[in-house]
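This is what each chain is made of:
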Amino acid sequence: MSFQPVLPLTGYAGWRFLERTMERQQEAFNKSPATQKELDYFADNIGKVKSADELVSDYRLLKVALGAFGLQDEIGNKYFIKKVLTDGVEDKGALANKLADKSYYKLAEAFRFVSSGAAAATVEKDFANELSLKIEGAGYLAVTTPTGEVAYTRNVGLKRAEDGQIVTAEGYTVASIADTSLLRGSDGEGDTNNEKIVFSGITIPDLAQSISVNDKGQVYGYFEDGGQGLLLGRLALSSFADDESLAVLGADQMDEGADAKLVDREAAYFVATEESGEPISGRPLQDGFGGFVRGEAVEAQEVFDTEMIAAAFLTRSFEVAVGEQDDSMRLALNIDRELAMLTADNMSEDAKWFSIMGSEPMRAVFDTAFGLPSSFASLDLDRQLDVYKTKARAMFGETSVVQFADDAIRDELIKLYMIRSEANTGVGYSSGQIALRLLGG
């Protein structure tokens, strides 16, 4: 059974009740099984999407995507939504830039990785900057290739793979030190007799907010701000009696005539040979091995903010649930949120008023609060702008939209809207009663 908001009253009294109980009701809505099922599906599958066509073809993904921007009623207009997404927002001629309702622009901006020519965004944290390392001193990092072959490299530009494993840029699993002392959470500076090199790798859990790697190759995960790091594992280094005799990985597939000696030894992958000798492995900064230092910063890859979309979907979906019982309450919730964001935008005041006119939900609130007839929307836009400014000055003291950044003024707007909206439904208030309610609380 889906969550049903509790709205025992109508009008402004009902709005005040909803304000007081909002936090608890929103939390209950967020935890409802049906809502969580939709968000889990979105989180699990949005990372697979690489085009606008793939997004609009998946009803459940599109439901969350549109719902996050209040466009849930457009779910049947797949061709139109596909055009909005494909055009993106970079080109001035893009469809989203031409539409008066900026919800479409926000949608296209959030999902711009599916616009024409864009690469798919990453959903998971890859911690590429934290794992961009260099080996300072002697030693090679041991890795395993997908075929199971063991290779060695000094190229330590690592990342977190989708399964949480720390891998190289090519996806090779890195070796680590298996040490019972690590499992006990010590600093690992004791007996090394129980250590061995393993290729099960080091896993960074999904819940890790950040990680760090020190010069000894110890990888720590942090799960809360200011919290103590948890040791996830330790990178291992290897050396050889004659590392000049190492063979380049895949040398047997190199072009005929290519000189293996010209290979960049700081970037290539090598395999042990009879001449190089067997690998001697150990801890960084011990027994002649070098240590790890931070490498160059990795250019940030565009990360799709799944959490932001989920939060917006929850907020908007709660508003829709409220609207199924009382649409004026839904519009009040919408204007309270949208005005707070619009007033913070750096666009001109006239542009902000035009944004309000272009948004059907916001316009409905202002037109009702200002006492404007339904035919008002058919007037010339410049004339409408003049009327909006005149009404705003008369009722709130200024012609600007930015004044609604003030919670008290925004609440006064909602109060005007709720009382007049209730009167318009034919409840039967006299003009004197309406005036008293407007002056009262």
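Structural data are supplied above this passage.
To keep things clear, this report deals only with the structure shown in the data block. Computed from a predicted structure; not experimentally measured.

1. Quick word on the side chain of S400
Examined against the element boundaries, S400 turns out to sit in the loop between α13 (381-396) and α14 (407-424). Looking at S400, the relative accessible area reads 11%, which means it is buried. In terms of polar contacts, S400 uses its side chain to reach the side chain of E398, at 3.1 Å. Dropping the residues within four chain positions of it, S400 is found in contact with E349 and W353.

2. Considerations on the packing of aromatic side chains
Scanning the entire structure with this criterion turns up 15 aromatic pairs. Ring centres of F29 and F318 lie 5.8 Å apart, and the angle between their planes is 70°; this geometry places the pair in the edge-to-face category. Placement of the pair is F29 in helix α1 (residues 11-30) and F318 in helix α9 (residues 306-323), with a sequence separation of 289 residues. An aromatic cluster is present here, built from W353, F366, F370, F376, Y388, F396 and F404 joined pairwise through their rings. Sitting above the plane of the Y41 ring, R60 keeps its charged end 4.1 Å from the centroid.

3. Digging into the environment of M418
Considering the arrangement of structural elements, one finds M418 in helix α14. For M418 and A369, which are 49 residues apart along the polypeptide, the C-alpha to C-alpha distance reads 8.0 Å. M418 has contacts with G11, Y12, W15, S328, M329 and A332, leaving out every residue within four places of it along the chain.

4. Considering the pairing of strand β1 (residues 133-136)
Side-chain alternation along β1 places L133 and I135 on a buried face and K134 and E136 on a face that remains uncovered. Looking at chain direction, β1 and strand β16 (residues 291-294) are connected through 4 bridges and run antiparallel. Across the sheet, the residue bridging to K134 is V293, located in β16.

Parameters at a glance
- Residues numbered from 1 in each chain as written.
- Predicted model: local features only at pLDDT ≥ 70, side-chain atom pairs only at ≥ 80, totals over all residues.
- Heavy atoms only, no water.
- Helix = DSSP H or I, 4+ residues; strand = E, 2+ residues; numbered from the N terminus.
- Buried < 20%, exposed > 50% of the residue type's maximum accessible area, 1.4 Å probe, protein only.
- Polar contact = N/O pair within 3.5 Å; in protein donor to acceptor, adjacent residues only side chain to side chain.
- Contact = heavy atoms within 4.5 Å.
- Phe/Tyr/Trp six-rings, centres within 6.5 Å; stacked < 30°, edge-to-face > 60°.
- Lys NZ or Arg CZ within 6 Å of the ring centre and 35° of its normal.
- Pairing = 2+ DSSP bridges.

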